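Structural overview for review
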Amino acid sequence: MAAILLERWDSMRSSGTDLTTADAEFRRFLTVDALRELEAMGTPLAVDDHFEVFVHLVHRCFALDRRRDAMALTDWLVAHFSGHGEVGPDAVEFAAMAYGELHRDPGLRVRSEQSMTGLVGIAERGRGVRFEFAALFTLVQLAQLLATVLREGVDPRERSDGMRQGVKACDRVIRRWDPHFPLVERLRILVSTALLVKAKFLLADSDTTAVRSAYSKVVGLFDKTGDLEDPAAAEVLLFRARHGLDILDSVRFPEPAFKTEYLEETRAANRRRAGGELRRRLLAALPRSIFKDRTRELTRLARRLHERTGTQIRAHALMGAPIVLLLRNFDLFEWSTTDASPVVGESDVAHAQVIRAVAGQGLISSLCSRAFVTHVASTSAAMLELDANSGMLGAPKLRYPLYLPDDSWQEQVRKLIELCEHIVVWADKKTPGLTGELDLIRSLGREADTTVLLEEPADGSNYIALYGEPPPEIPVLAPEDPSLRGFPNVFMARNTGSADNDADSFLDSVLYPVGEVLALDDHSRVVRMRNRLDEMRRR
């Protein structure tokens, strides 16, 4: 039936009339002419059967990827059936689901959102419990649709407006909870869903207290209940809420303990240089900021970035979104010292920062632009790695740093390894810290989920220039090193332009598993995250 009707629609469109006229004629045929013909034949079509014809047509358009036609048919369905007491509530709920699916199409996003908003008003004008429930159902669908503003790249004003409207829609459903409602089991599912959607918006606003409250309310709604009408749906909602509470309890990172000797020595040296005759000559030309103590300013900024990263990691873990963890030698592309240099020969110079260009910088920058990558940052770097965070000095733009204290870094790195979808180890030397991280990866059985990018070690010339002697010897990390046994994805950064071991191979080894997770539906992503966490914690 649906195929025949669509053929008739196509025939009308190809008959020479414009599309608007052809669509209007087909709509009249579906809602008026066909009914009259059937009635004249003595086989009138019941309202519920007529509604089913529309439902089949919409499904057929989705199957054929005729999404604009599905949109038009859904609009016609709402206009024709939403006022019928028999099928009106079913028509509203079906249309709400259809608009939600159509919202995935960027070209139909605005129109479907407007139609969904109008559908809420239509349902609220209906009479009876079923219409009231249909209105609440549509509000939940609208909130889920609005949650798409939380994706990256959305205009801040659009994001803020969408979040406000989404929370408002959720609250209207949540406030309607009544254990004596005639359709109480269905309402329980709706209210729980609204609480979980609201938690998404609250999480984006970093309101973890309210997020915890929402998850706890979901658990409470199903506490001490008898037989459930839809136990499968209840199980999914409870799973999400309990997972959320566990993440909020377990994914916390301690306050950073910054080592600011370099910043303090820089300021002290600038003050020493500005004394005596030099002060009289240059003071007018020097910016006043050179005497400013930037330690507090930079540590405050670093702490804010650390907190933002923790919030993002929790958000990704709550939604099962993929996290990439970058572990590396801290002095790979920058190292600093506050030891006085006997070679430079200036008694007031007791600090130096050396920036190094390495082959893998471009690859890491590309990776950071295509996935959520968090990294363990150095608490003692010259500028607390904030210059790297901004992409200055040629360093890769690392946007999500965590500054872990020395006394618990292994515990925190283990937590990150458990949470992440993939690990990137970027190194040139076997430092004790890096060796410890490789051991953690192996102990948790995550070698196959790790990509190693190796750099050629520095030649030591900068160190020799400062101190007149070679740097302390640290073993080089080479592909054949025993510590990398069992790691299947090992790349040399200097070879990333060759046919056998190119940049695409490195990026694919990281981004392919990330893409696989992103292709899953929301619930499947959370299940994957939960299963991994449970398995890791048993080790």
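Residues numbered from 1 in each chain as written. Predicted model: local features only at pLDDT ≥ 70, side-chain atom pairs only at ≥ 80, totals over all residues. Heavy atoms only, no water.

1. Section: the overall build of the protein
- Assigned secondary structure in the protein consists of 21 helices and 8 strands.
- Relative to its 539 residues, the protein shows a buried fraction of 48%.
- Sequence separation of at least 24 residues holds for 75% of the intrachain contacts in the protein that already meet a minimum separation of 6.
- Accessible surface, the protein as shown: approximately 26,400 Å² in total, 51% of it carbon and sulfur. (Helix = DSSP H or I, 4+ residues; strand = E, 2+ residues; numbered from the N terminus. Buried < 20%, exposed > 50% of the residue type's maximum accessible area, 1.4 Å probe, protein only. Contact = heavy atoms within 4.5 Å. Areas by Shrake-Rupley, 256 points an atom, 1.4 Å probe, with all protein chains shown as cover.)

2. Some words on the side chain of Arg314
- Following the sequence through the fold, Arg314 ends up in helix α14 (residues 295-319).
- Despite being buried, Arg314 has no salt bridge partner; Glu307 is the closest side chain of opposite charge, sitting 8.5 Å away.
- A distance of 3.1 Å separates a polar side-chain atom of Arg314 from the backbone oxygen of Val251.
- Leaving out residues up to four positions away in the same chain, Arg314 has contacts with Thr208, Ile247, Leu248, Val251 and Arg252. (Lys, Arg positive; Asp, Glu negative; His and termini not counted. Salt bridge = Lys/Arg side-chain N within 4 Å of Asp/Glu carboxyl O. Polar contact = N/O pair within 3.5 Å; in protein donor to acceptor, adjacent residues only side chain to side chain.)

3. Some remarks on the packing of aromatic side chains
- Within the structure shown, the criterion is met by 9 aromatic pairs.
- When the ring of Trp9 is compared with that of Trp76, the centres are 5.5 Å apart and the planes differ by 45 degrees; the resulting orientation is tilted. Of this pair, Trp9 sits in helix α1 (residues 2-13) while Trp76 sits in helix α4 (residues 67-81), and the two are 67 residues apart along the sequence. For the pair Trp9 and Trp76, a shared accessibility class is recorded, and that class is buried.
- Linked through ring pairs, Phe51, Phe54, Phe81 and Phe94 together constitute an aromatic cluster.
- The ring of Trp9 is capped by Arg13, whose NZ or CZ atom sits 4.3 Å from the centre of that ring.
- Over the ring of Phe253 we find Lys415; its NZ or CZ atom is 5.2 Å from the centre of that ring. (Phe/Tyr/Trp six-rings, centres within 6.5 Å; stacked < 30°, edge-to-face > 60°. Lys NZ or Arg CZ within 6 Å of the ring centre and 35° of its normal.)

4. Details of unusual backbone geometry
- For Asp65, which is not a glycine, the phi torsion comes out positive at approximately 60 degrees.
- Considering the arrangement of structural elements, one finds Asp65 in the loop between α3 (47-63) and α4.

5. Details of helix α11 (residues 231-250)
- Its 20 residues give α11 an end-to-end C-alpha distance of 28 Å, which sits within 8% of 28 Å, the value for a rise of 1.5 Å per residue.
- The complete set of buried residues in α11 reads Ala234, Leu237, Leu238, Arg240, Ala241, His243, Gly244, Leu245, Ile247 and Leu248.
- Buried positions along α11 lie against α9 (184-204), α10 (208-221), α14, α17 (409-419) and α21 (522-537). (Expected span 1.5 Å × (residues − 1).)

6. Describing the pairing of strand β4 (residues 373-376)
- Side chains Val373 and His375 project from β4 onto one buried face, and the interleaved Thr374 and Val376 project onto a second face that is buried too.
- Judged from the 3 bridges that link them, strand β1 (residues 324-328) and β4 form a sheet pairing that is parallel. Its bridge partner lying in β4, Leu325 is registered against Thr374.
- Sheet topology places β4 next to strand β5 (residues 400-402); 3 bridges connect them, and they run parallel. Within β5, the residue paired with Val376 across the bridge is Leu402. (Pairing = 2+ DSSP bridges.)

7. Description of helix α2 (residues 19-40)
- An ideal rise of 1.5 Å per residue puts 32 Å on 22 residues; α2 measures up with 29 Å between its terminal C-alpha atoms.
- The largest bend along α2 reaches roughly 50 degrees and is located at Phe29.
- Along α2, the residues classified as buried are Ala22, Asp23, Phe26, Phe29, Leu30, Thr31 and Ala34.
- At its buried positions, α2 is contacted by α1, α3 and α4. (Bend = angle between axes of the 7 residues up to and from the residue.)

8. Structural notes on the environment of Val251
- Looking at where Val251 falls in the secondary structure, it is placed in the loop between α11 and α12 (261-273).
- Given a relative accessible area of 1%, Val251 falls into the buried group.
- Apart from residues no more than four positions distant in its own chain, Val251 is found in contact with Ile313, Arg314, Lys415 and Leu419.

9. A word on the packing of helix α6 (residues 109-125) against helix α7 (residues 129-146)
- Where α6 contacts α7, the axes come no closer than 8 Å and their chain directions differ by 160 degrees. As summarised for this structure, α6 and α7 are arranged roughly antiparallel, according to the angle between their axes. For α6 against α7, the interelement crossing comes out left-handed. For the pair formed by α6 and α7, the contact residues are Glu113, Met116, Thr117, Leu119, Val120, Ala123 and Glu124 on the first element and Phe131, Ala134, Ala135, Thr138, Leu139, Gln141, Leu142, Leu145 and Leu146 on the second. (Axes fitted to C-alpha atoms, helices over the stretch in contact; angles between N-to-C directions. Parallel < 35°, antiparallel > 145°, perpendicular 65-115°, else oblique. Left-handed = near helix turned anticlockwise from the far one by under 90°.)

10. Points about the pattern of salt bridges
- Per the stated rule, a full pass over the model turns up 34 salt bridges.
- In this structure, Asp406 engages Lys259 in a salt bridge whose closest nitrogen and oxygen atoms are separated by 2.6 Å. One end of the pair, Asp406, is in the loop between β5 and α17; the other, Lys259, is in the loop between α11 and α12, with 147 residues separating them in the sequence.
- The class for Lys259 is partly exposed, based on a relative accessible area of 32%.
- When the shortest N-O distance is used, the salt bridge between Glu421 and Arg528 registers 2.6 Å. In this pair, Glu421 is assigned in the loop between α17 and β6 (422-427) and Arg528 in helix α21, connecting sequence segments 107 residues apart.
- Within this structure, Asp10, Arg13, Asp23, Arg66 and Asp69 form a network of salt bridges that share partners.

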